[in-house]
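# Structure at a glance
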Amino acid sequence: MDTLAFPRTHYLNAEYGLKSWLLTTDHKRIGLLFLGAISLFFILGGIFAGLIRLELLTPPGDLVSDDTYNKLFTMHGIVMVFMFLIPSIPAVMGNFFVPIMIGARDLAFPRLNLLSWYIFMTGGLFTLYAIVTGGVDTGWTFYTPFSTLSSHSNVMTAAIGIFIIGFSSILTGLNFIVTIHTMRAPGMTWFRMPLFLWAMYATSLINVLATPVLAITIFAVALERALHMGIFDPAYGGDPVLFQHLFWFYSHPAVYIMILPAMGVVSEVIAAFSRKSIFGYKFVAFSSLAIAVFGFLVWGHHMFVAGMSVYGAMIFSVLSFLVAVPSAVKVFNWTATLYKGSISYQTPMLYALGFIGLFTIGGLTGLFLASLGVDVHVTDTYFVVAHFHYIMVGGAIMGYLGGLHYWWPKMTGRMYPDMWGRVAAVVTFLGFNLTFFPQFVLGYMGMPRRYHAYPPEFQALNVLSTAGASIMGIGYLIPAIYLLWSLKYGAIAGNNPWGAKGLEWEIPSPPPTFNFDKTPVVTEPAYAYETREK
Amino acid sequence: MAGKVDALYFFLVAVSAFFVIVIAAFVIYFGIRYRRRAHGEVGMKVVPSLALEIAWTIIPLGLGLVMFAWGAQIYFNQTRPPAETLDIYVVGKQWMWKFQHLDGRREINELHVPVGRAVRLTGTSEDVIHSFFVPAFRLKADVIPGRYTTLWFNATKAGRYHLFCAEYCGTKHSGMVGTVVVMEPNEYQAWLAGGGGEGSLASQGQKLFQDLACITCHRADGQGRGPALEGVFGSRVSLNSGQVVVADEAYLRESILSPSAKIAAGFQPLMPTFQGLVSEEQLLALIEYVKSLKGLAPSQPAADTPGGPAPGRTTPARGPQSPSERQRQNPKK
Ligand SMILES: [Cu+2]
Ligand SMILES: [Cu+2]
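Counting from 1, residues in each chain are numbered in the order their sequence is written. All chains are assigned letters beginning with A, and all ligands numbers beginning with 1, in the order in which they are written. The predicted origin of the model limits local features to residues at a pLDDT of at least 70 and limits the giving and counting of side-chain atom pairs to 80 or more, whereas totals for whole chains, interfaces and linings rest on all residues. Processing note: side-chain calculations cover all non-hydrogen atoms of the structure and skip hydrogens and water entirely.

A few words on the overall build of chain B. Numbered from the N terminus, helices here are DSSP runs of H or I no shorter than four residues, and strands are runs of E no shorter than two. The secondary structure content of chain B amounts to eight helices and twelve strands. Burial here depends on accessible area, computed with a 1.4 Å probe over protein chains only, as a share of the maximum for the residue type. Under 20% is buried, over 50% is exposed, and the range in between is partly exposed. For chain B, the proportion of its 333 residues judged to be buried stands at 50%. The contact definition used throughout considers only heavy atoms, calling two residues in contact when any of these lie within 4.5 Å. Residue pairs in contact within chain B that sit at least 24 positions apart in sequence constitute 65% of those at least 6 positions apart. Residue-level accessible areas treat just the shown protein chains as cover; the underlying method is Shrake-Rupley with a 1.4 Å probe. Surface summary for chain B: the accessible area is close to 15,100 Å², and the carbon and sulfur share equals 61%.

Helix and strand content of chain A: 16 helices and zero strands. With the principal axes as the frame, chain A shows a C-alpha extent of 70 × 45 × 45 Å. Per-residue burial for chain A yields a buried fraction of 66% across its 534 residues. Sequence separation of at least 24 residues holds for 82% of the intrachain contacts in chain A that already meet a minimum separation of 6. Accessible surface for chain A amounts to roughly 17,600 Å². Of this, 71% is attributable to carbon and sulfur atoms. As used throughout, the charge tally considers Lys and Arg to be positive and Asp and Glu to be negative, leaving His and the chain termini uncounted. Where a charge lies is defined by one atom per residue type, namely NZ (Lys), CZ (Arg), CG (Asp) and CD (Glu). Between the averaged position of the 26 positive side-chain charges in chain A and that of its 23 negative side-chain charges there is a distance of 14 Å.

Here the focus is the interface of chain B and chain A. Contact residues are listed per partner, giving 78 residues for chain B and 91 residues for chain A. Throughout, the accessible surface (probe 1.4 Å) given up by two parts as they are put together, summed over both, is called the buried area. Interface area, chain B with chain A, both sides summed: about 7,000 Å², of which 67% is carbon and sulfur. Its largest share of buried area at the contact with chain A, chain B owes to Arg 36, Tyr 75 and Tyr 168 of chain B, together 11% of the area lost on that side. Any carboxyl oxygen of Asp or Glu within 4 Å of a side-chain nitrogen of Lys or Arg constitutes a salt bridge here. Viewed at the interface, chain A and chain B are joined by two salt bridges.

Right, let's talk about the coordination of the copper ion (ligand 1) for a bit. Residue and element names in this part refer to chain A. Each protein donor to the copper ion (ligand 1) is listed here as His 252 (ND1), His 301 (NE2) and His 302 (NE2); together their distances run 1.7 to 2.1 Å. For the copper ion (ligand 1), all donor residues lie on one chain, and their spacing in sequence is H-x48-H-H. Highlighted residues: His 252 in helix 9 (residues 240-274) and His 301 in the loop between helix 10 (281-294) and helix 11 (310-338), separated in sequence by 49 residues. Across the pair, His 301 and His 252 agree in class, each one buried. Only N, O and S atoms count as donors, using a 2.8 Å cut-off from the metal and 3.2 Å for Na, K and Ca, and because water is excluded some sites may appear unfinished.

Within the secondary structure layout, Gly 402 of chain A lies in helix 14 (residues 382-412). Remark: the alpha-carbon pair of Gly 402 of chain A and Phe 355 of chain A, spanning 47 residues in sequence, is separated by 8.7 Å.

Its location among the elements puts Asp 375 of chain A in helix 13 (residues 372-378). Here Asp 375 of chain A occupies a buried position and makes no salt bridge, while the nearest side chain of opposite charge, Lys 140 of chain B, is found at 7.1 Å. Among all residues touching Asp 375 of chain A, those that are not within four sequence positions of it are His 301, Phe 304, Phe 368 and Leu 369 of chain A.

Moving on to the sheet that holds strand 9 (residues 159-165) of chain B. All names here are of chain B. If you walk across this open sheet you meet the five strands as 4-10-9-6-7, and the pairing is mixed. Of all the strands in the sheet, just strand 4 (110-114) and strand 7 (139-143) have a single pairing partner and so form its edges. Each strand of the sheet is rotated relative to its neighbour by a mean of 20 degrees, with strand direction disregarded. Any two strands with at least two DSSP bridges between them are considered paired. Orientation is described by axes fitted as lines to C-alpha atoms, over the contacting stretch for helices, and by angles from 0 to 180 degrees between their N-to-C directions.

All names here are of chain A. Patch members must show over 30% relative accessible area and no salt bridge, and they are joined within 9 Å when carrying like charges or within 5 Å when they are nonpolar side chains of Val, Leu, Ile, Met, Phe, Trp or Tyr. Together, Leu 40, Ile 43, Ile 47, Leu 51, Leu 54 and Leu 63 make up an exposed nonpolar region whose accessible area comes to about 560 Å². Positionally, Ile 47 belongs in helix 2 (residues 27-55). Residue Ile 47 is classed as partly exposed on the basis of its relative accessible area, which comes to 48%.

This part covers the packing of helix 8 (residues 195-227) of chain A against helix 9 of chain A. Residues and elements named next belong to chain A. Contact pair helix 8 / helix 9: the axes reach a minimum separation of 8 Å and the direction vectors enclose 160 degrees. As judged from the angle between their axes, helix 8 and helix 9 are roughly antiparallel. Crossing hand, helix 8 versus helix 9: left-handed. Put simply, angles under 35 degrees are roughly parallel, angles over 145 are roughly antiparallel, angles from 65 to 115 are roughly perpendicular, and the rest are oblique. Should the near helix be turned anticlockwise from the far one by less than a right angle, the crossing is termed left-handed; should it be turned clockwise, right-handed.

Our next topic: the nonpolar core. We define a nonpolar core as any set of buried Ala, Val, Leu, Ile, Met, Phe, Trp, Tyr and Cys residues linked to one another through side-chain atoms lying within 4.5 Å. In this structure, Phe 82, Phe 355 and Trp 407 of chain A together with Phe 132 of chain B are the most contacted members of the largest nonpolar core, which totals 247 residues. Sorting elements by how many residues they give to this core places helix 9 of chain A first, with 21 residues. A domain split of this core shows at least three residues from each of domain 1 (2-26 + 49-79) and domain 2 (86-193) of chain B. When residues no more than four places from it in sequence are discounted, the contact partners of Trp 407 of chain A are Met 93, Phe 97, Met 101, Phe 196, Val 265, Glu 268, Glu 504 and Trp 505 of chain A. Counting residues in hydrophobic clusters, the runner-up holds 30 residues, among them Leu 208, Ala 264, Val 278 and Tyr 289 of chain B. As used throughout, domain bounds are those supplied by an automatic or database domain assignment.

Trans is the common state for peptide bonds, and a negative phi is the common state for residues other than glycine. The omega angle of the peptide bond from Thr 144 of chain A to Pro 145 of chain A is -5 degrees, so this bond is cis rather than trans. Mapped onto the secondary structure, Pro 145 of chain A falls in the loop between helix 5 (110-132) and helix 6 (146-150). A cis amide bond, omega -10 degrees, links Gln 94 of chain B with the succeeding residue Trp 95 of chain B. Mapped onto the secondary structure, Trp 95 of chain B falls in the loop between strand 1 (86-93) and strand 2 (96-101). With a phi angle near 50 degrees, His 228 of chain A is a residue other than glycine that sits in the positive phi range. Mapped onto the elements of the fold, His 228 of chain A is located in the loop between helix 8 and helix 9.

Next up on the list: the domain arrangement of chain B. Structurally, chain B comprises domain 1 (2-26 + 49-79), domain 2 (86-193) and domain 3 (201-303 + 310-320). Domain 1 of chain B and domain 2 of chain B are separated by 33 Å when their C-alpha centres are compared.

The next point concerns the coordination of the copper ion (ligand 2). All names here are of chain B. Only Cys 165 (SG), Glu 167 (O), Cys 169 (SG) and His 173 (ND1) from the protein reach the copper ion (ligand 2) as donors, at distances of 2.1 to 2.6 Å. Geometry is assigned from the angles between donors: four donors with all angles from 85 to 135 degrees make a tetrahedral site, four or six donors whose opposite pairs exceed 155 degrees while the rest stay between 65 and 115 make square planar or octahedral sites respectively, and everything else is labelled irregular. Seen from the copper ion (ligand 2), its four donor atoms lie at angles of 85 to 129 degrees, and the figure they make is tetrahedral. Within one chain, the residues serving as donors to the copper ion (ligand 2) are arranged as C-x1-E-x1-C-x3-H.

Attention now moves to the packing of helix 7 (residues 155-182) of chain A against helix 8 of chain A. All names here are of chain A. Between helix 7 and helix 8, the least distance of the axes is 8 Å, while the angle of their chain directions is 155 degrees. Taken as axis vectors, helix 7 and helix 8 run roughly antiparallel relative to one another. For the pair helix 7 and helix 8, the crossing hand works out as left-handed. Each residue gets one of three labels, nonpolar for Ala, Val, Leu, Ile, Met, Phe, Trp, Tyr, Cys and Pro, charged for Asp, Glu, Lys and Arg, and polar for the others, Gly among them. Grouping the amino acids of the contact of helix 7 with helix 8 by side-chain chemistry returns 20 nonpolar, seven polar and one charged.

Residue and element names in this part refer to chain B. Most of strand 7 is tucked away, with five of its five residues classed as buried. Alternating residues of strand 7 divide into Leu 139, Ala 141 and Val 143 and Lys 140 and Asp 142, and every residue in both groups is buried. As judged from the five bridges shared by strand 6 (residues 130-134) and strand 7, these two strands associate in the antiparallel manner. Counted as the bridge partner of Val 134 is Leu 139 from strand 7. Counting the residues that bridge the hairpin from strand 6 to strand 7 gives four residues, and of these Arg 138 lies at a positive phi of roughly 55 degrees.

So, on to helix 8 of chain A. Residue count minus one, scaled by 1.5 Å, sets the expected span of a helix. When the terminal C-alpha atoms of helix 8 of chain A are compared, their 47 Å separation across 33 residues agrees well with the 48 Å that a helix rising 1.5 Å per residue should span. After helix 8 of chain A finishes, the residue His 228 of chain A shows a positive phi value of roughly 50 degrees.

So, on to the packing of aromatic side chains. Any two rings among Phe, Tyr and Trp, with Trp reduced to its six-membered ring, count as a pair given centres within 6.5 Å; such a pair is stacked if its planes are under 30 degrees apart, edge-to-face if over 60, and tilted if neither. Counted by the stated rule, this structure contains 69 aromatic pairs over all chains. Both rings, one in Trp 334 of chain A and one in Phe 355 of chain A, keep their centres 5.7 Å apart while their planes meet at 80 degrees; by these two values the pair is edge-to-face. Placement of Trp 334 of chain A in helix 11 and of Phe 355 of chain A in helix 12 (residues 347-370) is noted, with a sequence separation of 21 residues between them. Phe 355 of chain A shares its class with Trp 334 of chain A; the two are buried. Three or more aromatic residues link up through ring pairs in this structure, and these residues are Phe 368, Phe 383, Tyr 390, Phe 432, Phe 436, Phe 437, Phe 440 and Tyr 444 of chain A together with Tyr 9 and Phe 10 of chain B.

Here is the structure:
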């Protein structure tokens, strides 16, 4: 075995100093800037979640006041959705790897990319300001007329923050679309692209098309709050439910902004750790696009009890069943990929397999919510809370962590202790299920969501849930420790520690500033493991 | 209804469990069978199968459509109350539930209903959106300011059931809870007899109709400046714009709060708005009163023909028969 050496110059030591980071246009450095920012936001959102779970340990609202509780779940939602999940995989791993995986030196618009980060930080700081100066209590959904007429908290500051963050998503999306269209290396045809790129492409489409609607919606709320325009206020002829249509027109696709990238990561990891090409490559690729397109047509399934016409509801219901099909197709194809593979169980693979399990449960419980008759009972209860956490935490965050562990050696040049990685993945998986599975039962029993106090018969399951959350917290803490540790003490990774396929594994770790000495030429499809001679 | 919802629910649980187990079984089996045994080993070539792809697209699709049809059918029934119902009004407000029975009784956070009778609730909100949720009845609907929502249930077992607000509505959202008390018919009778000195809801509405001077324009003889309101509820009203609308609760509400929105044909838009002058509850009383005004010519007392609309009317299924009369008469049956 040849000894591995750390490359002498790479993107991390090419320049030093704060300025070299704050003014960088290197997509890899910008990816790390995002990583730093969203990690802090994740910790913040996690602290809010911890306080919520502590409060719910006992039936009466005794730990924090009702207003404080309402602010906690609002800010947990806002921080986790807008400041962590939506940027997470695209802004960190997308930024770092989209150019490398297509064989390019950078994104199409490097300066725009840096601007994205600054916009994100500005929006994030606005929202943080809203939090430290008293917080928001509208729920992350900002439903009118509560948010326009009734709430006295910092609604506008937080909303402006989200409005600003939206532009960061739009610019990043635009950058990826243009890059993937125009900067693929010779031989890198669309159907030779790794599936992560297809996922990034589909996500970017949603970002560019849906985020403006969010901006418009927030703008309308601002007009309403400031000028009483009567857009949502029935006293002036407005319609409060109109807000929900606008909000979910963005926020349902936003669910796919969060989950599609994780699906992309899972495709990479499963292929790499079973050393096999993805079964049904084209089906997986096109299912990403199908999800992106159909995802725009199902927003009404959030409003089945909000006075929608019966036939309108039926249309949204049937479309929601349709959008579930491409997700199912992906799960089946990943499973089939394992067949006749050469499977190893390093940390990223454990996260990817965890993703398949949790996402499957999350997706299947989505069918309950798409079924009209059942939705009436379980909507706005803990069933919904459990369902979307299975998708957004069990799915998106498992995918995020899987990707982080998969590409960490490439990003930093060093390995983390794989044993600890595996422990953390298992602990997270178990803690997650203990936290959220009981919530399905709670929801079916009728516990409404966003309840500060609850009837005593719900306590046992809530205690389980809080216990699970503590375990999950530990599962997140362990990687935080060993990943930081690895920066200095980790073993040297070498170009390709996993024996994986893909352009990113052909260059040094960490990569040089311009990624490739000379433009690579691609001659084989993605994941051509089987043809490689030993 | 709860039984029907649960049947679908457990069908979904079964299908989900099946898929989770099958997928897990495959992952575990492949995971063990094809674990890496040698350092440089790679996967074997597998010929992709179009038939397989089609199968696992079509099967979930078919299952999904079955679930859809089943769920839609339940939903359809959930939203269609039977013709004969006991009507009660609900007003949600930060942070309480207010109920108005047609006999004039009011309740807060507690709702008494008899067992075995279809109860139809017409609800609205005074401020923000709330959601009326009785888990035991698998019943939920948002009450929305400026609109009427209807929901219905038929409780099959006496007892006390949780009532929750399921749509986040501010500080005391989790305190906006109450109890639905389902009583045996005779107990319910006794409960009914025990309360309400204010007269029926319609008679409270009648008093308001006089106090707010509606009566000066709306006279039974049709000689006022506004149309006579006798028999208007449930009928088809021609508007100045040429449209024809059915005068349901929402129409009456709009006529009182924003009269200029729809002008009855042949009249001038001179009715003042009562927006801000009447509370949601007064509005319901007024509406109930207007509903109780029988048409002059062909109508018969509605209570004589329970179970269907009074003959000789061109009205939608629910019929204009005054529920207030039903309510007053039924206890004596
Ligand atoms: Cu949705
Ligand atoms: Cu509420």
